[in-house]
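# Structural overview for review
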Amino acid sequence: MNLGSPDSTSVKDVRRYLDEFLMDGRVIDMPYLFRALLVKGIIVPFRAPKSAEAYSTIWTKEGSPLIVLTEQLQQQLQQYIDEPVEIAMRYGNPTPAAAYDALMKKVPALEEVIAVPLYPHYAMASYETAVEYAKEVHQKNKYPFKLSFIKPFYDEADYINAMAENMKPYLNEPYDHILFSYHGIPERHLTKTDPTKSHCMVNGDCCNVSSSAHSTCYRHQCFVTTKLVTEALNIPKEKYSISFQSRLGKGWLTPFTDVRLEELPKEGVKKLLILCPAFISDCLETLEEIEERGKETFLHAGGESYKMIPCLNTHPLWVQTLQKWLKQTAKGNREMIL
C-alpha cells in the first residue's frame, strides 16, 4: 500500500487527487468545516494547476512514477511467493477495495490478507492513515478475511541493509556531505500521536531519551534510520545531516531541506549527495522537488555537484526483504499490528 497519485497530469485529475489527499483529517488535522473551506476554497484551486505542471515534468509513458514503480515491485515480489500480490493506494487508484476484490477473485476462500504500508516510519499523515483507511474499507464492505499489517520498519536490520547497499554505489564518487531529507510533518502531529502525552517535543533532546512514545514518533524514527544506515556504511557524523522537506506552513519539523540546500554551499559543501528515506518509491516529492528543484537551488547557491540517490524502489535486496517478512508473518514469526 503506497501513497497514491493522480490518474493523469490534467488539472481536473490533479484537483480530484489533491482534494481527497488534503481533506484527510490525518493530513490536515483541523475541524471538517474549516478544513473544507481551506482545502476546497483556497489550497486546491490555486495549487492544482501548479501541481499538474510539476507532475508533467516527471510523468512517464507508462504513467505516474510512483504507480509504475509500485507495480514493478508487485511483479518482482510475485516471482518469489506463491500467494497473490495486489497493490493499493491510500489516495486515488487502485483503491483498497479494488485490491481486496482482486484477491478474493483469485482466492475465493481467502482467510487472511497481510498489508504492507510502504512507509518505514510512523506518522499519522502516512502510516496511520493508510492503516486506518484499509481497516475502514475492510469493515465497511464486510470482507470475510482477516486483515493484518506489517509494522513500521525504520530500524529493521534487513531494511537498513537494503538502504545501505542501495547507497553504496553513490559513495564511490567524491562528496563533501550527505543530506538525509525526510518528508516534513507539523510538530503538533508528534504530540498528537504521543501515547504518553508528555514526551514528544518537550525539549530538544526528547528523541534521545528512552520512551514508549518512540513507537509512534516520526522524528525519533527518522533519527534512528539515519544513525543505523550511516553506521552500517561507516560514514562519520560530520559527513551527514538531516533535514525535512515539503512543508506546508509554520510549525513544521526543522531544519527545512530547501533552506539547507541554500546554506550548505556557504558552509563549504560543494559536492552533495541527497536521499529521501521516508519514501520507498520515487515520486513527485523526490523526482521533482528534490532531484529537479533541489538541484537548481543548491547549484544556484554555489554548489558544484549534486546527486540524488534513488529510493529503494525495486532494489533486489528490498524485494528479498519483503519476501522474507511476508513469509515470517504468514508463519506467525513476525509481530504485526492487527
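Residues numbered from 1 in each chain as written. Predicted model: local features only at pLDDT ≥ 70, side-chain atom pairs only at ≥ 80, totals over all residues. Heavy atoms only, no water.

### Notes on helix α8 (residues 218-232)
The end-to-end C-alpha distance of α8 is 21 Å, a good match for the 21 Å that 15 residues give at a rise of 1.5 Å each. Residues of α8 that are buried make contact with α6 (157-167), β5 (177-183), α7 (187-193) and β6 (240-245). In the segment just after α8, N234 is the residue with positive phi, at about 55°. (Helix = DSSP H or I, 4+ residues; strand = E, 2+ residues; numbered from the N terminus. Expected span 1.5 Å × (residues − 1). Contact = heavy atoms within 4.5 Å.)

### A word on unusual backbone geometry
The omega torsion of the bond from N93 to P94 falls at -5°, within 30 degrees of zero and hence cis. With respect to the secondary-structure elements, P94 resides in the loop between β2 (89-92) and α4 (96-106). Each neighbour pair has its own omega, and for T254 with P255 the value is 0°, a cis peptide bond. For P255, the position within the fold is in the loop between β6 and α9 (257-263). Positioned with a positive phi, K142 is a non-glycine residue whose angle comes to about 55°. Structurally, K142 is set in the loop between α5 (124-140) and β4 (146-150).

### Topic: the sheet that holds strand β8 (residues 305-309)
Think of a sheet as strands paired side by side through backbone hydrogen bonds, with each pair either parallel or antiparallel. Read from one edge of the open sheet, four strands run β6-β5-β7-β8, paired in parallel fashion. The two strands at the open ends of the sheet, each matched to only one other strand, are β6 and β8. When the angles between neighbouring strand axes are averaged without regard to direction, this sheet yields 25°. Of the strand pairs in this sheet, strand β7 (residues 271-275) and β8 are connected by five bridges, and their pairing is parallel. Residue K271 lies in a different strand from β8, and its bridge partner there is S305. (Pairing = 2+ DSSP bridges. Axes fitted to C-alpha atoms, helices over the stretch in contact; angles between N-to-C directions.)

### A short note on empty space enclosed by the protein
Across all of its chains, the model carries one cavity of 30 Å³ or more by this definition. By volume, the largest cavity amounts to about 60 Å³. With three residues, the single largest contributor to the lining of the largest cavity is α6. For the lining of the largest cavity, the class distribution of residues is ten nonpolar, one polar and no charged. (1 Å grid on protein atoms, 1.4 Å probe; cavity = no way out; pocket = protein on both sides within 12 Å on 5 of 7 lines; lining within 4 Å. Points joined across faces, edges and corners; volume = space filled by probe spheres on them. Nonpolar A, V, L, I, M, F, W, Y, C, P; charged D, E, K, R; others polar.)

### Focus: the environment of V14
Checked against the element boundaries, V14 lands in helix α1 (residues 11-22). Taking the C-alpha atoms as reference, V14 lies 30 Å from K151; in sequence the two are 137 residues apart. Sequence-distant contacts of V14, that is, excluding residues within four places in its chain, are made with P6, S8, T9, A48, S51, A52 and Y55.

### Overview of helix α3 (residues 65-78)
The first and last C-alpha atoms of α3 sit 20 Å apart over 14 residues, in line with the 20 Å expected at 1.5 Å per residue. For α3, the full list of buried residues reads P65, L66, I67, V68, L69, T70, L73, Q74 and L77. Residues of α3 that are buried in the fold lie against β1 (2-5), β2, α10 (284-300) and α11 (316-330). (Buried < 20%, exposed > 50% of the residue type's maximum accessible area, 1.4 Å probe, protein only.)

### Regarding the layout of surface pockets
Its boundaries defined by the atoms lining it, the second largest pocket holds a volume of some 830 Å³. Lining the second largest pocket we find 31 residues, and of these P84, V85, V113, I114 and L326 sit closest to its centre. For the lining of the second largest pocket, the secondary structure elements donating two or more residues are α3, α4, β3 (112-115) and α11. Classifying every residue of the lining of the second largest pocket by side-chain character gives 23 nonpolar, three polar and five charged.

### Concerning the pattern of salt bridges
Evaluated as defined, the whole model comprises 15 salt bridges. With its nearest N and O atoms 2.6 Å apart, the salt bridge here joins D13 to R16. Taken together, the positions of D13 and R16, both in helix α1 and three residues apart, correspond to about one turn of that helix. Look at D13 and you get buried, because its relative accessible area is 16%. D258 is the partner of R247 in a salt bridge, and the nearest nitrogen-oxygen pair spans 2.7 Å. You can see R247 sitting in the loop between β6 and α9 and its partner D258 sitting in helix α9, a full eleven residues away along the chain. For D258, a relative accessible area of 37% puts it in the partly exposed group. (Salt bridge = Lys/Arg side-chain N within 4 Å of Asp/Glu carboxyl O.)

### Some words on the side chain of S126
Among the structural elements, S126 can be located in helix α5. Under the relative-accessibility criterion, S126 is labelled buried at 14%. Setting aside residues up to four positions removed in sequence, S126 forms contacts with Y119 and H121.

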